[in-house]
Structure formats: structure tokens, C-alpha cells
Amino acid sequence: MKKILLTATAFLMLFSCQNDQTESTVSATNAIARRSCASQDVLAEQLKADPTLALRMNQIEAFTQKSMLTNRLVNGKVVIPVVVNVLYRTAAENISDAQIQSQIDVLNKDYTATNPDFSSTPAEFAGVAANIGITFELVKINRKSTTKTSWGTRDAMKKTKQGGLDPTSPSTNLNLWACTIGGGILGYAQFPGGSLATDGVVIDSNYFGLSSAASYPYNLGRTASHEVGHWMNLRHIWGDASCGDDLVSDTPVAKTSNFGVPTYPYVSTCLPAHNEMTMNYMDYTDDRGMFMFTNGQKARMTALFVSGGARAGFGI
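None of the values given here were measured: they were computed from a predicted structure.

Quick notes on the rules
- Residues numbered from 1 in each chain as written.
- Predicted model: local features only at pLDDT ≥ 70, side-chain atom pairs only at ≥ 80, totals over all residues.
- Heavy atoms only, no water.
- Axes fitted to C-alpha atoms, helices over the stretch in contact; angles between N-to-C directions.
- Helix = DSSP H or I, 4+ residues; strand = E, 2+ residues; numbered from the N terminus.
- Parallel < 35°, antiparallel > 145°, perpendicular 65-115°, else oblique.
- Left-handed = near helix turned anticlockwise from the far one by under 90°.
- Contact = heavy atoms within 4.5 Å.
- Nonpolar A, V, L, I, M, F, W, Y, C, P; charged D, E, K, R; others polar.
- Buried < 20%, exposed > 50% of the residue type's maximum accessible area, 1.4 Å probe, protein only.
- Polar contact = N/O pair within 3.5 Å; in protein donor to acceptor, adjacent residues only side chain to side chain.
- Pairing = 2+ DSSP bridges.

## What to know about the packing of helix α5 (residues 97–110) against helix α7 (residues 222–231)
Link 1 in the chain: Across the interface, α5 lies against α7 with an axial gap of 9 Å and an inter-helix angle of 60°. One way to sum up the angle between α5 and α7 is to call them oblique. Considering only the axes of α5 and α7, their crossing is right-handed. Between α5 and α7, the residues in contact are Q103, V106, L107 and D110 and R222, A224, S225 and V228, respectively.
Link 2 in the chain: A class-by-class count of the residues in the contact of α5 with α7 yields four nonpolar, two polar and two charged.

## What to know about the side chain of D246
Link 1 in the chain: One can find D246 in the loop between α7 and β7 (293–294).
Link 2 in the chain: When its relative accessible area of 1% is taken as the criterion, D246 is described as buried.
Link 3 in the chain: Within the structure, D246 has its side chain in polar contact with the backbone nitrogen of V248 (distance 3.1 Å).
Link 4 in the chain: Here T251 takes part through its side chain, which lies 2.7 Å from a polar atom of the side chain of D246.

## Description of the sheet that holds strand β3 (residues 134–145)
Link 1 in the chain: Spatially, the five strands line up as an open sheet ordered β3-β1-β4-β6-β5, and their pairing is mixed. Both edges of this open sheet fall to β3 and β5 (187–189), since each of them pairs with a single strand only. With strand direction ignored, the average angle separating the axes of adjacent strands in the sheet is 20°.
Link 2 in the chain: Pairing of strand β1 (residues 78–88) with β3 involves eleven bridges; the strand directions are parallel. Opposite V83, over in β3, you have K140 as the bridge partner.

Structure representation (C-alpha cells):
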């Protein structure tokens, strides 16, 4: 388990990593070999474009740590209103109302630990496996026809002037965009602290909700469970660094991202030897291989919704 020691310098370093993805790779083939989430890459670009973002995120992190230490967390029921923005060129991209509702249903199960596979949590982790206690309510679906074949990860889908759809009341609604992202990206989210004009989560329409068998192994709606976790201030389980820190004390240190469905126990090469929590929603495993959050992750998420929290506007 990890001991969290947070400094401003360390926090800024945490969000400085980026990879060599370019706009050309985003517009490439959409064939998915392994899960790929662009949230960290998008954050790196936002940090470069807006020097004040790091300061806001440091403030949010300091508030989160204080709330967790003082147990000043949500003790009421948090219900997140959801607006889904569908951008489509083909009939397949114009996903049905039923498929959209299936995604809301998956989120509700995964965030209340009522998903049937939650019972598969290994005994080793049963003591920290959490019911986040946050639910989601679909309030609106917006649809727009487009000629774009892919949208990339530069937030064009979130801007009406660029052919997309502006978010609806983002301070009080979780906006989801369903569209073809391209470049093998399943989805990405904006972390707390970013601009309200681009706040929300983007999911490739092929992996939105309970999708077709052709979307296997990402056909169970867990891409949104993962990305909404980012929207609620969770990092990847490996901390986006070799044996990195995800700022959660009850998630075992992970060497790097895991793919497929690793057989438990999966022994980490990070020292001292221990088993990795590959079934956590914030890893990169297949949809059927992820099925739990932890109490520490719950504390990070719920701290957003208390008075003074970054998403307090959602209320209780």
C-alpha cells in the first residue's frame, strides 16, 4: 500500500507526462487492439495551454487531501444529472436511446457496487472494495448530424462553432459526448479544474453502453466507468509512471497499465512484492476484467461534492 506525501512540486510533476500522440495518429484507423484512454494526454496539452490550470488543480488536490483527513465528505446522496451529446455521420454512430440508457444503467451499477461481477473481488481486496454511492440520471439527449469521420482529442466535439455541441450547463450536469474519436482512443475525460466550456467525458460511439459483439472486449460500458472516474478526480491505477502514485492509499502500487484479463494473483514487480489490483476500473484491462473501486478512491471522488469542492454545484 502507498503512503501519500503531496507537495506542489510533486503534483505538478505528476501531470507533466505526455506521449508522442499527434493529430495524425488520432485520425488514423479506429481499430482497437488494446484499451487506450487519452485523458492524461489531453491534460498535458491543457496544462501547456493554460499555466493557471496547474494552480487550480493543486488547490483542488489540497482540498481533497484535507477533506479526506478530516472526514469532511458527502454524507447525503449524490445524483449526477447526465446530458448525452450524440454526433453522428452514419446510422451506427447515431446510437439509440436504449443504448444510451444502457450506459447510464452500467454507471449506476458500477458506482453502487451492484454490478454482478463485484462478487468476483478477491478476498485480499474485499476489505477495501467500495460502494461509491453515486448514481446517474439521464436528463437529456442531444443529437447532431455531421460530416466528420473522426473528432480527435482536441475537444472539437464540445464546440458548436467547430461542428460539435457545446456542453449543457456543465456546472450542474455531466456532459457525455458519443462520437467517433479515431486513433484507437476509446474515450477521454476532463479532470476537475479545467474549463467549464470543455468539461465532461467523450466516449467513442462504438464503445458507448452495452454495444455490439463487434466492440468486444470493450462492449460492457466500462469505458465510461473508467472515464467518469477521471472526471471525478481519479488517476490511472499505476499513476502514469512506472510504479507510480495514483494518490490513493489503498490501491496497491502497479508497475504499469495492464491489459486483457490478468489471472489473479498477478504479482507486481514493484517492491516489496505484492499482488496488483488489475480488476480496478482505473486500470486498462478489458471490460470484463474490471469491476471494483476502493474506499480510498471513493474518498477522492466524494470530496468533490462537499461545500467548497470542485463539483459542489451538483449539490446533494
